[in-house]
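A closer look at the structure
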Amino acid sequence: MNINNLNLPEKVKKYYTDTGIVDLYPPQREAVDKGLLDGENIVAAIPTASGKTLLAELCMLKSIGMGGKCLYIVPLKALASEKYSRFREFESLGIKVGIATGDLDSREEWLGKNDIIIATSEKVDSLLRNESSWMKEINTVVADEVHLLNSVNRGPTLEITLAKLIHLNPGSQIIALSATIGNPEDIAGWLGARLVVSEWRPTDLYEGILLDGLLHIGNIKKDIQDESRDDAVNLVIDTVKDKGQCLVFESSRRNCMGFAKKAGKWVSKILDEHDTIQLKSLSQEIGEAGETEIADVLSRCVRQGVAFHHAGLNSEHRRMVEEGFRKNLIKMISSTPTLAAGLNLPARRVIIRSYKRYDPNFGMKPIPVLEYKQMAGRAGRPHLDPYGESVLIARSYDEFMDIMENYVNADPEDIWSKLGTENALRTHVLSTIVNGFAYTYRGLMDFVKMTFFAYQKEASDLHDVIEECVRFLIDNEMIISDSNDILPESAFRSTATGKLISMLYIDPLSGSLIMDGIRKADYFEDITMMHLICSTPDMKNLYMRSSDYENVNMYVLQNKDKFISMPSPFKMIEYEWFLGEVKTALLLLDWINEVPADDICKKYGIGEGDIRMFSETAVWLMHATSRLSGLLKVSEASEKSKELEKRLSYGINSELVNIVALKGIGRVRARKIYENGYRSIDDLKKADPLKLSKIVGSKISQKILKQLDIDVDISEIKEKDSDTVPEPE
Ligand code: ADP
């Protein structure tokens, strides 16, 4: 099927043919045949890189041509950015594209001027709660990675969000893109969609197993030379010698780093001169973009042509590693499964070094087939590799047979709604009432009939759990009922507290814990407030390692009075949880007290990416705390949490707040500026450009002065690079 024969605006057809996309791939053709461009809802369950995004693009561009407005929902912020840079290419067609990145309690009305808006499902949920007016104008919804309905953490929000969008704009077209799963017909049935299922891939994929140096793949067996004692390293060497690249999936971050170090020694020996030179400069850039030991290790690995990638890396490092790999400079990345979850980074060969994953409740556990297939599916770069290979490693014949049956030849599992628990539903029951999607108990039950859960099971199965949620919300004065018993006709009304908690996008349980804490607290010290937010279910706390007990316990004993409440040490499980909360609170304290990032990473066994994640969550919860304190009229708590919110955003003491507000100035530079006597914006306005450039470098000092409306010629500022401070965060 030729793109020129499709019912699309002429300029869209020209755009694609100019970029070399002329014929549709078979699954895309099937989607068009099933009504993709005629307003039909479509569920496409097809492998990665088989043109799912393009399928969604065609549908959106058709809709925009008729005056439509499209919402593209993704599960991860990183994916939102990836799609944003892709869709911005349509600006040449006069199409406006926006990405929702603001705070969770903002409306982002300005986004409404766009034709395509990209957002995570949590962000869409929060925009719906804050009643962004343009939501009503959306008539095309794309749900990317919709199989994440199966995820305990993300699934419930995704399904409620889709149900609300359908409720709000009943005629809109829904396109749901899924990995290959066992029961795509369930999603199609739920969304009233036509189903496109296909195993077709633009590049062939062979799945195999390595046993005793012999790779069994497709119908062939291939000898892999045993240059190293590690099978996976031998596979990497084999791929690189064949001019290919590898992705190696590992079970833990520590293993990722360990494997990269090991493989680097071998890969460095087979790099050509061009790559060696380029890698050296990339390695330097990486070393300069962080002040932690991880940055050093990553920089050394990259010099050897390999890298590791996981959520502990800072975003700059992740970006540089991904780019280095796309440019075919980095030959191997060892990664935790984050990369398989959607980033577009294919490689000739995927090696799944471990198919077991640590689960806090069950120990090491085999991963689901669905996860294996997603990792394997990363093999084979379309148009670049002749084929892709994914390899599992067996240590015995029995294991070989076992993984052949349970992974290579297995079908992915069915996915199931995870909506059926009070923890998942509490927040959605509140927002459903606040935003008027339902006013009565019967209305709530009618609304949940629209969910994936109700499609797969029975809405009535949610009866008890919804009743529990409603009781919780009444007991905590977030909603008011017109009757004492909860009857089908009971009518509900949200209170100011309920409305605020829904808009702040926090779990109502977090809201009630924060409000109780503020009411009870005698002092509002830094640790009091930090621990308060860490005691809520919205903060995922650090685990206690055995080496942590002494320090954290000692801190608790010395600062007992500063905690609003604490369990008795004899209640072992509760006390252990409490210590984990305190440990996380101490991490946040170190962050705002300007402890260097590397020291924080070492002390808590985390990476820079984790500091960012903890501080972002803390900023959001501290913001909620300041709003809730305002509602309770406890001004001391409100002031304190406002100040902490700012300090958490940048990881600084209060005196740096104004300096850090300047663009290009992070916590390290701000401290250096302050210590050199520039204590305020007024001091900076009077600064001698030459002196300032000695502290932060000429470019940055020019940037600072420009923001203060002072123009300086860069050539006039003489500075030595060695005098400048690197800014890692
Ligand atoms: P997915 O979203 O399934 O991972 P994409 O839509 O991103 O896949 O497509 C993967 C790559 O294939 C992209 O570079 C895209 O431009 C290209 N592509 C998609 N459809 C076609 C087509 N019909 N012809 C040629 N290239 C295509």
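Every value quoted in this text rests on a predicted model; they were computed, and no experiment measured them.

Focus on a nonpolar patch on the surface
- Residues M572, I573 and W577 make up a contiguous nonpolar surface patch of roughly 430 Å² in combined accessible area.
- Considering the arrangement of structural elements, one finds W577 in helix α23 (residues 572-592).

Re the sheet that holds strand β1 (residues 42-45)
- Taken together, the seven strands give an open sheet; going across it, the order is β3-β4-β2-β5-β6-β1-β7, and neighbouring strands pair in parallel fashion. Of all the strands in the sheet, the pair left with one neighbour each is β3 (97-99) and β7 (194-197). Averaged over all neighbouring strand pairs, the angle between strand axes comes to 15°, with direction disregarded.
- Pairing of β3 with strand β4 (residues 116-120), which is carried by three bridges, proceeds in the parallel orientation. Bridge pairing in β4 places V97 opposite I116.
- Packing of helix α6 (residues 155-168) onto the sheet brings it into contact with β2 (70-74), β5 (140-143) and β6 (173-178), and relative to β2 it is tilted by some 170°.

A short note on the side chain of T528
- Relative to the assigned elements, T528 resides in helix α21 (residues 526-534).
- Beyond its immediate chain neighbours, meaning those up to four positions away, T528 contacts Y523, K562 and I564.

Examining the site of the ligand
- The local shell around the ligand holds 14 residues, among which D23, Q28, A49, K52 and T53 are the closest.
- For the ligand, an oxygen atom lies 3.2 Å from a polar atom in the backbone of G51.
- Separating an oxygen atom of the ligand from a backbone N or O atom of L54 is a distance of 3.1 Å.
- Most atoms of the ligand, that is more than half of them, are within 2 Å of grid points of the second largest pocket.

Comments concerning the packing of aromatic side chains
- As enumerated under the stated definition, the model contains 13 aromatic pairs in all.
- With centroids separated by 5.3 Å and ring planes inclined at 45°, the aromatic side chains of W190 and F452 adopt a geometry described as tilted. Of this pair, W190 sits in helix α7 (residues 184-191) while F452 sits in helix α17 (residues 452-456), and the two are 262 residues apart along the sequence. With respect to burial, W190 and F452 carry one shared label: buried.
- Ring centres 5.4 Å apart and planes at 75° place the aromatic pair F563 and F578 in the edge-to-face group. Taken together, the positions of F563 in the loop between α22 (549-558) and α23 and F578 in helix α23 put the pair 15 residues apart, joining distant regions of the chain.
- Under the relative-accessibility criterion, F563 is labelled buried at 6%.
- Here the aromatic residues Y15, Y16, Y72, F87 and F90 are joined through ring pairs into a cluster of three or more.
- The positively charged end of K269 is found above the aromatic ring belonging to W266, 4.1 Å away from the centroid.
- For R426, the ring lying beneath its charged end belongs to F472, and the centroid distance is 5.5 Å.

Focus: the domain arrangement of the protein
- Annotation of the protein at the domain level lists domain 1 (3-197), domain 2 (204-408), domain 3 (422-494), domain 4 (508-651) and domain 5 (657-723).
- The C-alpha-based centres of domain 2 and domain 5 are spaced at 42 Å.

Considerations on the nonpolar core
- Formed by 77 residues in total, the largest nonpolar core has its most connected members in I466, V470, M530, L588 and L648.
- With 11 residues, the single largest contributor to this core is α23.
- Discounting chain neighbours no more than four positions away, the residues touching I466 are L425, Y441, L444, M445 and V448.
- Core analysis: the second largest hydrophobic core is formed by 63 residues, A263, M332, V350 and I351 among them.

Notes on the layout of surface pockets
- As a volume, the second largest pocket reaches approximately 1200 Å³.
- In terms of lining, the second largest pocket is formed by 42 residues, of which the most central are A49, T53, E82, N344 and P382.
- Top element by residues in the lining of the second largest pocket is helix α4 (residues 77-87). It accounts for five residues.
- Grouping the constituent residues of the lining of the second largest pocket by class yields 16 nonpolar, 14 polar and 12 charged.
- Each of domain 1 (3-197) and domain 2 (204-408) contributes no fewer than three residues to the lining of the second largest pocket.

Let's talk about the packing of helix α15 (residues 422-434) against helix α18 (residues 463-475)
- Between α15 and α18, the shortest axis-to-axis distance is 9 Å and the interhelical angle comes to 60°. If you check the angle between α15 and α18, you find them oblique. In the packing of α15 onto α18, the handedness of the crossing is right-handed. Packed against α15, whose contacting residues are E422, L425, R426, V429 and L430, the element α18 presents V465, I466, E468, C469, V470, F472 and L473 at the interface.

Brief notes about unusual backbone geometry
- Located in the positive-phi region is E145, a residue other than glycine, with phi close to 55°.
- Checked against the element boundaries, E145 lands in the loop between β5 and α6.
- Positive phi, close to 65°, is recorded for Y505, a residue that is not glycine.
- Inspection of the secondary structure assignment puts Y505 in the loop between α19 (496-504) and α20 (508-520).
- With relative accessibility at 11%, the residue Y505 sits in the buried group.

Cut-offs used in this document
- Residues numbered from 1 in each chain as written.
- Predicted model: local features only at pLDDT ≥ 70, side-chain atom pairs only at ≥ 80, totals over all residues.
- Heavy atoms only, no water.
- Patch = residues over 30% accessible without salt bridge, like charges linked within 9 Å, V, L, I, M, F, W, Y side chains within 5 Å.
- Areas by Shrake-Rupley, 256 points an atom, 1.4 Å probe, with all protein chains shown as cover.
- Salt bridge = Lys/Arg side-chain N within 4 Å of Asp/Glu carboxyl O.
- Helix = DSSP H or I, 4+ residues; strand = E, 2+ residues; numbered from the N terminus.
- Pairing = 2+ DSSP bridges.
- Axes fitted to C-alpha atoms, helices over the stretch in contact; angles between N-to-C directions.
- Contact = heavy atoms within 4.5 Å.
- Near = heavy atom within 4 Å.
- Polar contact = N/O pair within 3.5 Å; in protein donor to acceptor, adjacent residues only side chain to side chain.
- 1 Å grid on protein atoms, 1.4 Å probe; cavity = no way out; pocket = protein on both sides within 12 Å on 5 of 7 lines; lining within 4 Å.
- Sits in = over half its atoms within 2 Å of the grid points.
- Phe/Tyr/Trp six-rings, centres within 6.5 Å; stacked < 30°, edge-to-face > 60°.
- Buried < 20%, exposed > 50% of the residue type's maximum accessible area, 1.4 Å probe, protein only.
- Lys NZ or Arg CZ within 6 Å of the ring centre and 35° of its normal.
- Domains from an automatic or database assignment.
- Core = buried A, V, L, I, M, F, W, Y, C linked by side-chain atoms within 4.5 Å.
- Points joined across faces, edges and corners; volume = space filled by probe spheres on them.
- Nonpolar A, V, L, I, M, F, W, Y, C, P; charged D, E, K, R; others polar.
- Parallel < 35°, antiparallel > 145°, perpendicular 65-115°, else oblique.
- Left-handed = near helix turned anticlockwise from the far one by under 90°.

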